[in-house]
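# An overview of the molecular structure
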Amino acid sequence: TGTLAIGAFENLDLSLNQNHDQIPYTIGLKYQFYGSPRLKKENGLKMSLKFEYGSKKLHEEEKGQYSLFFSDSYNLEKSTNLDVYGVSFNLGRRVNSKTLFYFNNILTQYNADSTLKIKEGVHKVKTTTQTYNGLLGVERNLNKKVSLTLEGGVSYSNGGGEDHMVTYPVGTSLKIHF
């Protein structure tokens, strides 16, 4: 997991995010529409919106046997186009120049368009998965260039029908500011 964020303007950030090797990099645009800019470290309420998009093509070939009882072999070719869309609402309150508490509400949608080629023919599969995340966190500036973040929350994923999952992510990060 990694993020590279660049402050394009005082209230506008561009980011490049990588969360997992099978999920594409996403490009993000975050606009802080309320409160003083992050780098000024002024006390008070802050609100922002972030939009993200990413796309990746995956291709895999597999060879094997149908079962132990049959000697038929197969060749399976899988191709997937994966698109990721995300939007988040971020609410924070800086209580002093070193400490920011925040809540992030994140919606992400993954669209997969897959083609499976096997001996019997070609099969096309389209799937959509949505994740909803609510995260509470605190960011503490250790000095002018380094900050530590601790966060935790709940994540709900829905792949349609009975395919859903609830997890409770907890994490920390060390940020270096240039």
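Values in this document were obtained by computation on a predicted structure and should not be read as measured data. (Residues numbered from 1 in each chain as written. Predicted model: local features only at pLDDT ≥ 70, side-chain atom pairs only at ≥ 80, totals over all residues. Heavy atoms only, no water.)

### Section: the overall build of the protein
Short version of the rule: Strands are runs of DSSP state E lasting at least 2 residues, helices are runs of H or I lasting at least 4, and numbering of each runs from the N terminus. Each residue is placed in one exposure class: buried if its accessible area under a 1.4 Å probe, protein chains only, is under 20% of its type's maximum, exposed if it is over 50%, and partly exposed if it falls in between. We call two residues in contact when some of their heavy atoms are within 4.5 Å. Reported accessibility uses the Shrake-Rupley method at a 1.4 Å probe radius. Residues are deemed covered only where the shown protein chains occlude them.
Assigned secondary structure in the protein consists of zero helices and ten strands. Beginning at the N terminus, the succession of helices and strands in the protein can be written as β-β-β-β-β-β-β-β-β-β. Counting the 178 residues in the protein, one finds 26% classified as buried. Taking contacts inside the protein between residues at least 6 apart in sequence as the whole, the part at least 24 apart equals 48%. By element, 60% of the accessible surface of the protein is carried by carbon and sulfur atoms, the whole surface being about 12,100 Å².

### Considering the side chain of T115
Heads up, the rule is: Here a polar contact is taken to be a pair of N or O atoms separated by no more than 3.5 Å, where protein atoms must pair a possible hydrogen donor with a possible acceptor and residues adjacent in sequence count only if both atoms sit in side chains.
Looking at the secondary structure, you find T115 in strand β6 (residues 99-118). Classification of T115 as buried rests on a relative accessible area of 16%. Of the polar contacts made by the side chain of T115, one reaches the side chain of K124; its length is 3.4 Å. Beyond its immediate stretch of four places on either side in the chain, T115 contacts E77, K78, S79, V122, H123 and K124.

### Some details on the packing of aromatic side chains
Just so we agree on the cut-off: Pairing of aromatic rings covers Phe, Tyr and the six-membered ring of Trp, with a centre-to-centre limit of 6.5 Å; geometry is then stacked below 30 degrees between planes, edge-to-face above 60, and tilted otherwise.
On inspection of all chains with the given rule, the structure shows two aromatic pairs. Consider the rings of Y53 and Y85, whose centres lie 5.2 Å apart with planes at 50°: the pair is tilted. Of the two residues, Y53 is situated in strand β4 (residues 44-65) and Y85 in strand β5 (residues 73-96); the sequence distance between them amounts to 32 residues. Ring geometry for Y132 against Y156: centres 6.2 Å apart, planes inclined by 25°, an arrangement best described as stacked. Taken as a pair, Y132 in strand β7 (residues 121-141) and Y156 in strand β8 (residues 146-158) lie far apart in primary sequence, 24 residues in all.

### Here we look at the pairing of β6
Using the following cut-off: Two strands are said to pair when DSSP picks up at least two bridges between them.
Of the pairings in the sheet, the one linking β6 to β7 comprises 20 bridges and is antiparallel in character. Note that in β7 the partner of D113 across the bridge is K126. Hairpin geometry of β6 and β7 is characterised by an intervening segment of two residues between the two adjacent antiparallel strands.

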